[in-house]
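# Observations on the three-dimensional arrangement
Given next are the chains, with one letter for each unit.
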Amino acid sequence: MTRLITLIFSLLTVTHLHANNSWEEITNKADGQTVYFHAWGGSQEINNYLRWANSQLQQQHGVTLKHVKVTDIAETTARLIAEKAAGKNSGGSVDMVWINGENFKSMKSNKLLFGPFVDQLPSWQYVDQSLPVDSDFSVPTDGLEAPWGVGQLVFIHDTQKLNNPPASFSELLSYAKAYPNRITYPKPPAFHGTSFLKALLIELTNNDETLSQPTEKVDFQLITAPLWKYLDELHTVAWRKGTQFPSGSAETLQLLDDGQLDLAITFNPNAVFSAQENGTLADSTVAYAMDTGALSNIHFLAIPWNASASEGAQVAINFLLSPEAQSRKGDLKIWGDPSVLQNQYLTGTAKNTQLFKSIAEPHPSWQVALETEWQKRYGN
Amino acid sequence: MFRATYLLLICIVIIPTLPGIIGVMLSSFSYIPPVGLDSLSLQGYADVLNWPGISTSSLLTLFTALTSTYLALTICFAILQNLWRNKHWKRVELVLSPLLAVPHVAFAIGFAFLFAPTGLTTRVISTLFGVEFDDISTSWLVHDPYAIGLTLALALKEVPFLLLMSIPILQQLEIEKLSKVGSSLGYSPSQLWIKVVLPQWLAKMRFPLFAVVAYASSVVDFALILGPNTPPTLAMLVWQWFNDPDLQLLPRAASGAILLFILTSFLLLLVLLIEKFATHYFKRWQYSGRAGISLPGASFFGIITLLSIAIFPLMLIWSYAQRWRFPDIMPSRFSDRFWESEWPSFLPIISQSIAIALITAMVTLCLAVLAHEYRIKNKLHIPGYVVAIPMLIPQLSILFGLQIATLYVSSESYYLWVIWSHIFFAFPFVYLSLDGPWKSYNQNYTRAALSLGKSPLQAFFMVKSRLLLPSILYAWAIGASVSLAQYLPTLILGGGRIATVTTEAVALSSGFDRRVTAIYALWQALLPFVFFTTAILASRLQHKARVKPAIYQESVPNDATSRKPRHP
């Protein structure tokens, strides 16, 4: 009897595995599905790119990709939690999300994600494995999310106004003192603001290895003391005397173009090209990284645990990882987001994108700790 | 039958508040099982109270909400005192609909573009006069630490709404009669307004003021564009907490929402107290002396009109501007690609928005009229404060509970839930906007109709609804415009299946691209504009078509006899 049950069980597991493994079966199931893709909708370039992806997916695989534009993926997380609270473990309303960092960590630890599915995507073979594609802000992805693009924290300056930008954070401080009211950073906990703090801390501590440990295990105040000393000095000469900060990267770009700031901050090293094409930045603007390198991370695509069209979502993700889609995404005139594929598979301008020397993200606990401390010191 | 429909109304617009509030209450006490929080605690509240800057944020909220509301009220009163039914009044009514139609977000964007340190004003002044500004001196209206710009912009934006709410009230107050009495007693017209009209008007404006003050204290998008961010207003802070990726911190966000709710309730109480003090307790000002001040209402109105109207061409230019750099007064490069690439997806979005707004407006109007009629006839009815609850709590906080409830009932009916949520959020506005007119309606007309043998329904449709038609039409337009402005309910309850002009506009504005924002803001303004213009035109037509009904000419004795068919 026990044997029989074991046999049945193992048979079931085998068929289950088989169902999971066969890509052909997935594509068959995906045909005709509609994938609701929740992703930030604030950029016309990205929205246009996703429209193109939809038309290609419809032609090639019979999958419809609907871009649900959100201002912050947290809105979607709220929807997913509500679905979980109501016990809705299948037939959910979200099929695919664009996330990374804290949002991934939180969705993973609350078991809101489908998978692992990444290894079985046919396009996985093209992915550049030398990039840290299997960890997201040092949290292992465990195959629950597929890499989509690379972000590097870089600065933008206008060569006509500032030909020789500060090459380190200490030079940045001297520059700010020489030209008051011209330097600032987005307000933490905005993503770019916290990233600025992290990059600054990494330089000031010479990338102390304790940064890769959880903050509970180290003397946080001791390690961060130089950071707060630096910021105290910077704020006295910063834009609006450090009493107000831009809300995010986009606003620093706007302020750079308005001539209020000398440096803007962004996570897309190719942002200047599409911005120039679009008319939001002058043609003389250039992106650069500090000499120590650029804080780097990867943004990902994931599928909620209760997605109605998880097969369609896998097909869509597989397509977005294909050389065709990645080359177009990396095209400087389309979006310019650096690709996660090996260079040999890329075509067009995407192939020429050179990444800056990269610095890894500190342990994710630093993010919250820095934000809290910053808020205590400067937020009120 | 009447009672049954009222019960239905309660089920649609009142009961759902419960899951919403229970949801946020439980979360605020750290009870959220899906994220592993399943024991009650006060941690959320502790987090809120220990947040550095929480007191400054709360004070900012109190200051902006209260100051902007009373500034708006003062300006509104000044305009009425100056212009009510004089030769310029027609023009005021004419521009009211475009003024009302400008959505808050578009107004904020326009305001920022005019008054930001690199805004058009600075550009014009520095180009024309060659004056160079340093940043500090020009930054006091946008993102200023004391929220002065936010307060001012909110006040200016709310004046048209208060004016609209005043029209039916003043019509019912029969100012002409009052002014005859007043001038015979030797009061100057402006004094008459302050001493006689103001107290009566103020009492009837209670609910519109509630709406304005609640909006000002809980607004997020408007504050994001114009308000300070270090520290931000409480509503912005709560919004930021709700968007925190760490789900374990949800109790903090929910507690913040409760704090905001308490603060808003306190503001409502304050509005009520101010009204009571002004009209009942400290009323010496009402009868001491005959001389007084006249406020420059006409110039106020001129400024508001200019500001709001200037936004339209500005948006239009922005939507075609490819390159428009500071300090240029005009764009240096134009392009129609922003329109071109958005155009194909426009038509379905617009038709969907209009359809939802129409259904919402009709249903909400019927429900609100029903609620008011029931209130008059039955002692046991829903108090106004309960009706106002959906306006007072930050939407994000009650949506969580609502969403779970909708998922239990039926998870696939996206359209149903979106329309229902629009009705739910529009109902308080429509109900409150009908409050003044319904209260100032003279019940004797209905009684007369009933005594002449008409049925209650006939009396309502043939007498009351005709007399109150202007306010009914305005309420309808308000319902439609509230529906058009809903972002979070549409996104969350629609599960991404339903896109409206507003969901697109808000999503795109998060990218700070002024051109794309301008396109959607234009559409966002155009749709309510159509609704408001329809309402105002219709009420004018009706006013003309009505051959001066007898009840408006009580001074002429036996008017009814003159129209009696002659019997030889």
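Residues numbered from 1 in each chain as written. Chains lettered and ligands numbered in written order. Predicted model: local features only at pLDDT ≥ 70, side-chain atom pairs only at ≥ 80, totals over all residues.

## Remarks on the overall build of chain B
Broken down by element type, chain B carries 28 helices and four strands. Its C-alpha atoms put chain B at 85 × 65 × 55 Å along the principal axes. A buried classification covers 50% of the 568 residues belonging to chain B. Sequence-distant contacts, at least 24 apart, represent 79% of the contacts inside chain B between residues at least 6 apart. (Helix = DSSP H or I, 4+ residues; strand = E, 2+ residues; numbered from the N terminus. Buried ≥ 20, exposed ≤ 12 C-beta atoms within 10 Å, placed from the backbone. Contact = placed C-beta atoms within 7 Å.)

## Overview of the overall build of chain A
The number of helices and strands found in chain A is 13 helices and eleven strands. A compact globule built from 380 residues would reach a C-alpha radius of gyration of about 21 Å, and chain A, at 22 Å, matches this within 12%. Summarising its shape, the C-alpha atoms of chain A cover approximately 80 × 45 × 35 Å along the three principal directions. Looking at chain A as a whole, 53% of its 380 residues qualify as buried. A fraction of 77% describes how many contacts in chain A between residues 6 or more apart in sequence connect residues 24 or more apart. (Rg over C-alpha atoms; globule rule 2.2 N^0.38 Å.)

## Here's the deal with the interface of chain B and chain A
Facing the 47 residues of chain B at the interface are 50 residues of chain A. Elements supplying a minimum of two residues to the side of chain B that touches chain A: strand S3 (321-323), helix H20 (395-409), helix H25 (488-493) and helix H26 (501-509) of chain B. Broken down by class, the residue content of the side of chain B that touches chain A amounts to 23 nonpolar, 17 polar and seven charged. (Nonpolar A, V, L, I, M, F, W, Y, C, P; charged D, E, K, R; others polar.)

## Remarks on the environment of A:Leu153
All names here are of chain A. Among the secondary structure elements, Leu-153 is positioned in the loop between strand S6 (145-152) and strand S7 (154-158). Considering only alpha carbons, one finds Leu-153 and Met-290, 137 residues apart in sequence, at a separation of 9.4 Å. Once residues lying within four places of it in the same chain are set aside, the contact partners of Leu-153 are Ser-195, Ala-199, Ile-265, Phe-267, Ala-294 and Leu-295.

## Some thoughts on the sheet that holds strand S8 (residues 264-266) of chain A
Residue and element names in this part refer to chain A. Spatially, the three strands line up as an open sheet ordered S8-S7-S9, and their pairing is antiparallel. For this open sheet the edge positions go to S8 and strand S9 (285-288), each flanked by a neighbour on one side alone. Averaged over all adjacent pairs, the angle separating strand axes in this sheet is 30°, with direction ignored. The pairing of S7 with S8 spans three bridges and is classified as antiparallel. Across the sheet, residue Phe-155 finds its bridge partner in S8, namely Ile-265. The strands touched by helix H10 (residues 271-278) are S7, S8 and S9; relative to S9, the strand with the most contacts, the crossing angle is about 165°. (Pairing = 2+ DSSP bridges. Axes fitted to C-alpha atoms, helices over the stretch in contact; angles between N-to-C directions.)

## What to know about the packing of helix H4 (residues 54-83) of chain B against helix H12 (residues 206-218) of chain B
All names here are of chain B. The geometry of H4 relative to H12 is characterised by a closest axis approach of 8 Å and an angle of 145° between their N-to-C directions. In this structure, H4 meets H12 at a crossing whose hand is right-handed. Note on element contacts: H12 touches H4 through Leu-209, Val-212, Val-213, Ala-216 and Ser-217, opposite Thr-61, Thr-64, Ala-65, Ser-68, Thr-69, Ala-72 and Leu-73. Considered class by class, the residues forming the contact of H4 with H12 number seven nonpolar, five polar and no charged. (Left-handed = near helix turned anticlockwise from the far one by under 90°.)

## Digging into the domain arrangement of chain A
Residue and element names in this part refer to chain A. Per the domain assignment, the segments of chain A are domain 1 (29-150 + 299-346) and domain 2 (154-288 + 361-378). A C-alpha centroid distance of 29 Å is found between domain 1 and domain 2. Each partner contributes residues to the interface: domain 1 has twelve residues there, and domain 2 has eleven residues. Here the residues of the side of domain 1 that touches domain 2 are counted per class, giving five nonpolar, two polar and five charged. (Domains from an automatic or database assignment.)

## Considering the nonpolar core
The biggest cluster of nonpolar side chains holds 239 residues, and the ones touching the most others in it are A:Ala316, B:Cys76, B:Phe210, B:Val213, B:Val238, B:Ala368 and B:Val430. Ranked by residues supplied to this core, first place goes to helix H21 (residues 414-440) of chain B with 15 residues. Discounting chain neighbours no more than four positions away, the residues touching B:Val430 are B:Thr364, B:Leu365, B:Ala368, B:Ala475, B:Ile478 and B:Gly479. Grouped together as the second largest cluster of nonpolar side chains are 45 residues, A:Phe155, A:Ile202, A:Ala238 and A:Tyr378 included. (Core = buried A, V, L, I, M, F, W, Y, C linked by C-beta atoms within 7 Å.)

## Quick notes on the confidence of the model for chain B
All names here are of chain B. Chain-level pLDDT for chain B is 84 on average; 93% of the residues reach the 70-or-more range. By mean pLDDT, helix H28 (residues 559-562) is the weakest element of chain B at 40, and H4 is the strongest at 93. Low confidence marks residues 549-568, where pLDDT is under 50. Its contacts with residues over four positions away, or in another chain, come to five contacts. Across the interfaces of the predicted complex, the ipTM metric reaches 0.82, alongside a pTM of 0.84. (pLDDT = per-residue confidence, 0-100.)

## Looking at the environment of A:Glu209
In this structure, A:Glu209 sits in the loop between helix H7 (191-204) and helix H8 (220-237). As for A:Glu209 and A:Ala294, which are separated by 85 residues in sequence, their C-alpha atoms are 17 Å apart.

## Observations regarding the packing of helix H6 (residues 169-178) of chain A against H8(A)
All names here are of chain A. One way to put it is that H6 packs onto H8 with a least axis distance of 8 Å and a crossing angle of 30°. In this view, H6 runs roughly parallel relative to H8, as classed from their interaxial angle. For the element pair H6 and H8, the recorded crossing hand is left-handed. From H6, Leu-173, Ala-176 and Lys-177 reach across to H8, where they touch Tyr-230, Glu-233, Leu-234 and Val-237. Taken together, the residues that form the contact of H6 with H8 break down as five nonpolar, no polar and two charged. (Parallel < 35°, antiparallel > 145°, perpendicular 65-115°, else oblique.)

## A closer look at unusual backbone geometry
Across the chain, the bulk of peptide bonds are trans and the bulk of non-glycine residues have phi less than zero. Omega for the peptide link from A:Gly115 to A:Pro116 comes to 5°, which places this bond in the cis form. Note on placement: A:Pro116 falls in the loop between helix H5 (101-109) and strand S4 (135-136). Following A:Pro188, the chain continues to A:Pro189 via a peptide bond in cis, the omega torsion being 5°. Assignment of secondary structure puts A:Pro189 in the loop between H6 and H7. The backbone of B:Ser30 shows a phi angle near 60°, a positive value even though the residue is not glycine. Within the secondary structure, B:Ser30 is located in the loop between helix H2 (17-28) and strand S1 (31-32). In this model, B:Glu174 sits at a positive phi of 55°, which is unusual for a non-glycine residue.

## Observations concerning the pairing of strand S10 (residues 294-302) of chain A
Strand residues, when the strand is regular, have side chains that alternate between the two faces of the sheet. Residue and element names in this part refer to chain A. Of all nine residues in S10, nine are buried, a share of seventy percent or more. Covered by surrounding structure in S10 are Ala-294, Ser-296, Ile-298, Phe-300 and Ala-302 together with Leu-295, Asn-297, His-299 and Leu-301, the residues of both alternating faces. In this structure, S6 lies alongside S10, joined through seven bridges in antiparallel fashion. Across the sheet, Ala-146 pairs through a bridge with Leu-301, a residue of S10. Of the pairings in the sheet, the one linking S10 to strand S11 (residues 358-359) comprises two bridges and is parallel in character. Counted as the bridge partner of Leu-295 is Ile-359 from S11.

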